[in-house]
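Commentary on secondary and tertiary structure
Next come the chains, spelled out residue by residue.
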Amino acid sequence: MEKKILIAFIALLTLVSCEKVTLPFNEDQKKSEGNLITRAVPTNACTRINYAVYDMEGTRVKQVNQQLDDANFGTASFQLAEGNYFLVVVAHSSDGNPTMADPTCIKFTNAQGYSDTFLCSGDISIGDEPLDMNVTLERIVALCRFVTTDDYPADVKKMKFYYTGGSGAFDAYTGLGCVNSKQTMIFDVTDGQKQFDLYTFLHDIEGTIHLTVTALDDKDNVLNERTFDVPLYQNHITWLSGAFFNGSSTSSSTISGVNINTTWLGEHFITF
């Protein structure tokens with residue numbers, strides 16, 4: 001008979017601290033979840049976590065999707081036959097779960113939206129003994145943070161951001177983008193929002209997106225439009241700011257960064 005072992009692991013997302021926190025469990029939990037339980041406390045880094053296990057040929061054998069209000073958010077367990085597998089854990093805040101049938105192309109869509117995204121992946125081996133894992137996820141996106149510093153004309157109701165050069169999908173083996181995407185984000189600005197976060201997976205640790213920013217009225221008529229070539233870096237923020245409606249100013253760029261896996265590694269500032 002094929003022997004199966006319970007694998008349980010927890011997604012540890014600590015944007016404020018790298019400390020791992022293990023909580024006690026009671027006898028009822030031991031009985032219901034098997035002889036392997038590990039718990040920790042996720043922070044507000046994400047609203048969804050997706051876990052997938054693949055065989056060594058890349059065929060998905062198990063997947064669990066969790067949302068923030070799930071009672072077991074941050075903890076997952078599987079019954080797996082003895083053998084070698086590839087484990088992928090993805091944390092994000094998109095409006096839906098990514099397509100995870102192929103570990104070389106885990107894909108988000110424009111309809112789901114693009115968000116801060118974290119990944120842990122690697123080979124695991126299931127043998128005679130249960131496998132107990134804590135996993136720490138690393139940020140794999142680059143962020144363009146667009147800020148308009150002037151006031152909106154009265155008829156502007158939406159801001160549309162269309163960008164190419166990045167990817168809406170990533171390869172779980174490398175954490176890098178794997179397709180040439182046409183990404184679109186549209187924001188209602190009737191509340192006066194001035195800052196917009198645009199995420200992408202780069203094809204390398206650095207790259208450039210071609211960004212078109214369009215102001216629209218309530219009937220989607222174009223009121224103003226500008227284009228930018230924006231340099232991006234994985235796990236870095238590039239701030240792109242200026243007077244979108246009232247002209248432009250001299251460009252400048254500064255760089256600073258810290259090498260902490262729960263914090264953006266650096267920030268770059270560009271004024272238009």
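This is a predicted model, so every value here is computed, not measured.

It is worth spelling out the nonpolar core at this point. Ranked by internal contacts, the top residues of the largest apolar core, which has 45 residues, are Val88, Phe146, Met159, Phe161, Phe170, Leu211 and Leu240. For valine 88, the contacting residues outside a window of four places in its chain are Asn50, Tyr51, Ala52, Tyr54, Met100, Ile106, Leu119, Cys120, Ser121 and Ala172. Grouped together as the second largest cluster of nonpolar side chains are 21 residues, Ala45, Phe73, Ala81 and Cys120 included.

Pairing between the strands of a sheet is mediated by backbone hydrogen bonds and can be parallel or antiparallel. What the five strands build is an open sheet, ordered 3-2-5-7-9; its pairing is antiparallel. This sheet does not close on itself; its edge strands, each paired only once, are strand 3 (60-67) and strand 9 (138-139).

Below, the discussion takes up the packing of aromatic side chains. According to the stated counting rule, one finds 15 aromatic pairs in the structure shown. Seen in terms of ring centroids, phenylalanine 161 and phenylalanine 187 are 5.8 Å apart; in terms of plane orientation they differ by 80 degrees. Their pairing is edge-to-face. Of the two residues, phenylalanine 161 is situated in strand 11 (residues 158-164) and phenylalanine 187 in strand 14 (residues 182-188); the sequence distance between them amounts to 26 residues. Comparing phenylalanine 161 with phenylalanine 187 shows no difference in burial state: the two are buried. The rings of Phe146, Tyr152, Phe161, Phe187, Phe196, Phe228, Phe244, Phe245 and Phe272 are connected pair by pair, giving a single aromatic cluster. Over the face of the ring belonging to tryptophan 239 we find arginine 145, whose NZ or CZ atom lies 5.0 Å from the ring centre. One cation-aromatic arrangement involves lysine 194 over tyrosine 152; the distance from NZ or CZ to the ring centre is 5.8 Å.

Another point: empty space enclosed by the protein. Summary: where empty space remains is shown by rolling a probe the size of a single water molecule over the atoms. Inspection of every chain in the model, using the stated rule, returns two cavities of 30 Å³ or more. In this structure, the second largest cavity spans a volume of roughly 40 Å³. Considering the residues around the second largest cavity, the lining is formed by Ser94, Phe108, Gly113, Tyr114, Ser115, Thr117, Val141, Tyr199, Thr200 and Phe201.

This part takes up the side chain of aspartate 171. In this fold, aspartate 171 is placed in strand 12 (residues 169-171). Arginine 60 provides the closest opposite charge to the buried, unpaired aspartate 171, separated from it by 15 Å. Leave out the neighbours within four places in its chain, and aspartate 171 touches Pro103, Thr104, Leu176 and Cys178.

Conventions used here
- Residues numbered from 1 in each chain as written.
- Predicted model: local features only at pLDDT ≥ 70, side-chain atom pairs only at ≥ 80, totals over all residues.
- Heavy atoms only, no water.
- Core = buried A, V, L, I, M, F, W, Y, C linked by side-chain atoms within 4.5 Å.
- Buried < 20%, exposed > 50% of the residue type's maximum accessible area, 1.4 Å probe, protein only.
- Contact = heavy atoms within 4.5 Å.
- Pairing = 2+ DSSP bridges.
- Helix = DSSP H or I, 4+ residues; strand = E, 2+ residues; numbered from the N terminus.
- Phe/Tyr/Trp six-rings, centres within 6.5 Å; stacked < 30°, edge-to-face > 60°.
- Lys NZ or Arg CZ within 6 Å of the ring centre and 35° of its normal.
- 1 Å grid on protein atoms, 1.4 Å probe; cavity = no way out; pocket = protein on both sides within 12 Å on 5 of 7 lines; lining within 4 Å.
- Points joined across faces, edges and corners; volume = space filled by probe spheres on them.
- Lys, Arg positive; Asp, Glu negative; His and termini not counted.
- Salt bridge = Lys/Arg side-chain N within 4 Å of Asp/Glu carboxyl O.

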